[in-house]
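# Secondary and tertiary structure notes
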Amino acid sequence: MDSTTLAQASDIDFSLIALFLRATFTVKIVMILLIVASFWSWAIIIQKHLIFRRARKDAQMFDAAFWSGEPLDELYRRVGTAPQSGPERIFAAGMAEWQRSHRQDGAMIAGAAQRIDRSMDVAIDREGRELNANLTFLASVGSASPFVGLFGTVWGIKAAFEEIALAQSTNLAVVAPGIAEALLATGLGLLAAIPATIFYNKLSDDSEAIASGYEQFADEFGTLLSRNLDA
């Protein structure tokens, strides 16, 4: 490689901004999409972390209140009108159906236990959907971003070969910029995909654990009410 080629190559700006600005329009669109997807993924990751931490704290607080010995009717009057957390909403759904299952003479309407369980199951399902909201976006970014980045790379290499053909030269100063711009698209695809995949798995496990706690509470509450029904 002669000194002239080396001098030309050393003058090329390989900063990320320069690579982006020199890229073709299609590759720029790919890069912008991947950058937006990455920022959106991190916003969801941070939001879910805060929501799940709050959900675990609320579950602990309500569990302490539920097993404190306070009468269930009193607890329901305190939280039933405006439940603020998942356990409170599940408890309120069960208690509302419990109260609706009483006839005017105080006797229970047949099938009360099944209706109470279904009411709490509906509430649990609603809470589960809230916990899992936007997680599918992380899964999509994790699975699709590498291929989107690869598309940008292929398109960028195609453009680089076209420049080589037009320049009638294969020296480093002609080849290097186009290849570097193309590879940047793959790098951005991996930058978006890796954290999205890792945190999707973690947040899915966290969501499942929280939902499992809700189901356990509903089972315990249903068992407690069934004792009153059988008494």
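Not measured: the values here are computed from a predicted model. (Residues numbered from 1 in each chain as written. Predicted model: local features only at pLDDT ≥ 70, side-chain atom pairs only at ≥ 80, totals over all residues. Heavy atoms only, no water.)

The subject of this paragraph is helix α4 (residues 72–79). When α4 is considered as a whole, its buried residues turn out to be Leu72, Leu75, Tyr76 and Val79. Relative to the axis of α4, the buried residues are bounded by an arc of 100° and lie together on one face. Seen from the buried face of α4, the exposed residues on the opposite side, beyond 90 degrees, are Arg77 and Arg78. (Buried < 20%, exposed > 50% of the residue type's maximum accessible area, 1.4 Å probe, protein only. Helix = DSSP H or I, 4+ residues; strand = E, 2+ residues; numbered from the N terminus. Arc of directions from axis to C-beta.)

Between helix α3 (residues 25–66) and α4, the shortest axis-to-axis distance is 11 Å and the interhelical angle comes to 145°. Together, Phe62, Ala65 and Phe66 of α3 and Leu72, Leu75 and Arg78 of α4 make up the contact between the two elements. Class assignment of the residues belonging to the contact of α3 with α4 gives a composition of five nonpolar, no polar and one charged. (Axes fitted to C-alpha atoms, helices over the stretch in contact; angles between N-to-C directions. Contact = heavy atoms within 4.5 Å. Nonpolar A, V, L, I, M, F, W, Y, C, P; charged D, E, K, R; others polar.)

Take a nonpolar patch on the surface next. There is a patch of nonpolar side chains on the surface, built from Phe25, Ile29, Ile32, Leu33 and Val36 and spanning about 490 Å² of accessible area. Mapped onto the elements, Val36 comes out in helix α3. (Patch = residues over 30% accessible without salt bridge, like charges linked within 9 Å, V, L, I, M, F, W, Y side chains within 5 Å. Areas by Shrake-Rupley, 256 points an atom, 1.4 Å probe, with all protein chains shown as cover. Salt bridge = Lys/Arg side-chain N within 4 Å of Asp/Glu carboxyl O.)

So, about the side chain of Asp206. Relative to the helices and strands, Asp206 is located in helix α8 (residues 172–230). Residue classification places Asp206 among the buried residues on the basis of a relative accessible area of 17%. In this view, Asp206 contacts Phe52 and Arg56; residues no more than four positions away in its chain are not counted.

Residues Asp63, Asp117, Asp121, Asp205, Glu208, Glu215, Asp219 and Glu220 make up a contiguous surface patch of negative charge. For the negative patch, the secondary-structure elements that each account for two or more residues are α6 (112–132) and α8. Looking at the negative patch element by element, the count peaks at five residues for α8. Considering the arrangement of structural elements, one finds Glu208 in helix α8. For Glu208, a relative accessible area of 57% puts it in the exposed group. (Lys, Arg positive; Asp, Glu negative; His and termini not counted. Charge placed at Lys NZ, Arg CZ, Asp CG, Glu CD.)

All right, on to the packing of aromatic side chains then. Under the criterion given, the structure shown has 13 aromatic pairs. Aromatic pair Phe66 and Trp67: ring centres 4.9 Å apart, planes at 90°, arrangement edge-to-face. Measuring from ring centre to ring centre gives 6.4 Å for Tyr76 and Phe91, while their planes differ by 70°; the resulting arrangement is edge-to-face. Residue Tyr76 is located in helix α4, and its partner Phe91 is located in helix α5 (residues 86–100); the two are separated by 15 residues in the primary sequence. Taken individually, Tyr76 and Phe91 each receive the classification buried, so the pair is uniform in this respect. Pairwise contacts between aromatic rings join Phe62, Phe66, Trp67, Tyr76, Phe91, Phe217 and Phe221 into one cluster. (Phe/Tyr/Trp six-rings, centres within 6.5 Å; stacked < 30°, edge-to-face > 60°.)

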